[in-house]
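# Coordinate inspection notes
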Amino acid sequence: MILPFSSVNWVAVLVSTVAMMAFGMLWYSSLLFGKVWMRSIGIKEGEMPSSEMGKGVILGLINQFVRTSVLALALIIMSPKTLQEGLLYGGILWLGFEATVIFGGVIWEKKPHDFFCVSVCFNFLSMLISVLILMKWPW
């Protein structure tokens, strides 16, 4: 089987990528769960140098672009007929491939449960938002 790259709506992928970065900045800000997340990984507010933040944003954009591209391909292959079906598929992909990987960090790397809760909830919501954008963006 040849992957249907030509069927991917790359504008929707880019919009989803930017939306997920904005959502992540809000989610991990001190307004929401940033303090809990930082405490769970052992860093204090203001400890991360700005040069690291810039590198992190660039790598985060690349990471999110790859994630959203693969999700777009998966949705094309799975061909959900309704938004609800697409959200269900996104939830299944999240559970099987994202939640389990993050939980592996709790099991094997001794990451704290706070880290797991903040990260896994962000990944779940961002997966569903990405599915929504990818399925509803004008074709």
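The preceding data block contains the structure.
Residues numbered from 1 in each chain as written. Predicted model: local features only at pLDDT ≥ 70, side-chain atom pairs only at ≥ 80, totals over all residues. Heavy atoms only, no water.

## A closer look at helix 1 (residues 10-27)
Over its 18 residues, helix 1 runs 25 Å from end to end, which matches the ideal 26 Å to within 8%, given 1.5 Å per residue. Each element contacted by the buried residues of helix 1 is listed here: helix 2 (34-41), helix 3 (50-78) and helix 5 (113-136). Measuring from the backbone nitrogen of Val-11 back to the side-chain oxygen at the start of helix 1 gives 3.1 Å, which picks out Asn-9 as the cap. (Helix = DSSP H or I, 4+ residues; strand = E, 2+ residues; numbered from the N terminus. Expected span 1.5 Å × (residues − 1). Contact = heavy atoms within 4.5 Å. Polar contact = N/O pair within 3.5 Å; in protein donor to acceptor, adjacent residues only side chain to side chain.)

## Considering unusual backbone geometry
Phi is positive for Ser-79, which is not a glycine, with a value near 50°. With respect to the secondary-structure elements, Ser-79 resides in the loop between helix 3 and helix 4 (83-108).

## Comments concerning the packing of helix 3 against helix 4
Interaxial distance between helix 3 and helix 4 falls to 11 Å at its minimum, and their mutual angle equals 125°. As judged from the angle between their axes, helix 3 and helix 4 are oblique. Viewed along their axes, helix 3 and helix 4 form a crossing whose handedness is right-handed. The residues of helix 4 that touch helix 3, namely those facing Arg-67, Leu-71, Ala-74, Leu-75 and Met-78, are Gly-86, Tyr-89, Leu-93 and Glu-98. (Axes fitted to C-alpha atoms, helices over the stretch in contact; angles between N-to-C directions. Parallel < 35°, antiparallel > 145°, perpendicular 65-115°, else oblique. Left-handed = near helix turned anticlockwise from the far one by under 90°.)

## Considerations on the environment of Leu-132
Among the secondary structure elements, Leu-132 is positioned in helix 5. Given the relative accessible area of 38%, Leu-132 is considered partly exposed. Distance in space between the C-alpha atoms of Leu-132 and Thr-100 is 22 Å, their sequence separation being 32 residues. Beyond its immediate chain neighbours, meaning those up to four positions away, Leu-132 contacts Leu-83 and Trp-137. (Buried < 20%, exposed > 50% of the residue type's maximum accessible area, 1.4 Å probe, protein only.)

## Focus on the state of the cysteines
What is meant by a disulfide is a covalent connection between two cysteines, made through their sulfur atoms. Following the criterion strictly, the structure yields zero disulfides and no others. The thiol of Cys-121 is not disulfide-bonded; the next cysteine sulfur, from Cys-117, is found 6.2 Å away. The exposure class of Cys-121 is partly exposed, given its relative accessible area of 39%. (Disulfide = S-S within 2.5 Å.)

## Brief notes about the nonpolar core
Among soluble globular proteins, nonpolar side chains are generally buried collectively. Within the largest apolar cluster, 19 residues are counted, with the highest numbers of intra-cluster contacts made by Leu-71 and Leu-134. Residue assignment for this core shows that the elements contributing at least two residues are helix 1, helix 3, helix 4 and helix 5. Sort the elements by how many residues they give to this core and helix 5 lands first, with six residues. (Core = buried A, V, L, I, M, F, W, Y, C linked by side-chain atoms within 4.5 Å.)

## Thoughts on helix 3
Taking 1.5 Å per residue, 29 residues should reach 42 Å; helix 3 reaches 41 Å between its end C-alpha atoms and fits that length. Residues of helix 3 that are buried: Gly-60, Gln-64, Arg-67, Thr-68, Ser-69, Leu-71, Ala-72, Leu-73, Ala-74 and Leu-75. One or two steps after helix 3, the chain reaches Ser-79, where phi turns positive at roughly 50°.

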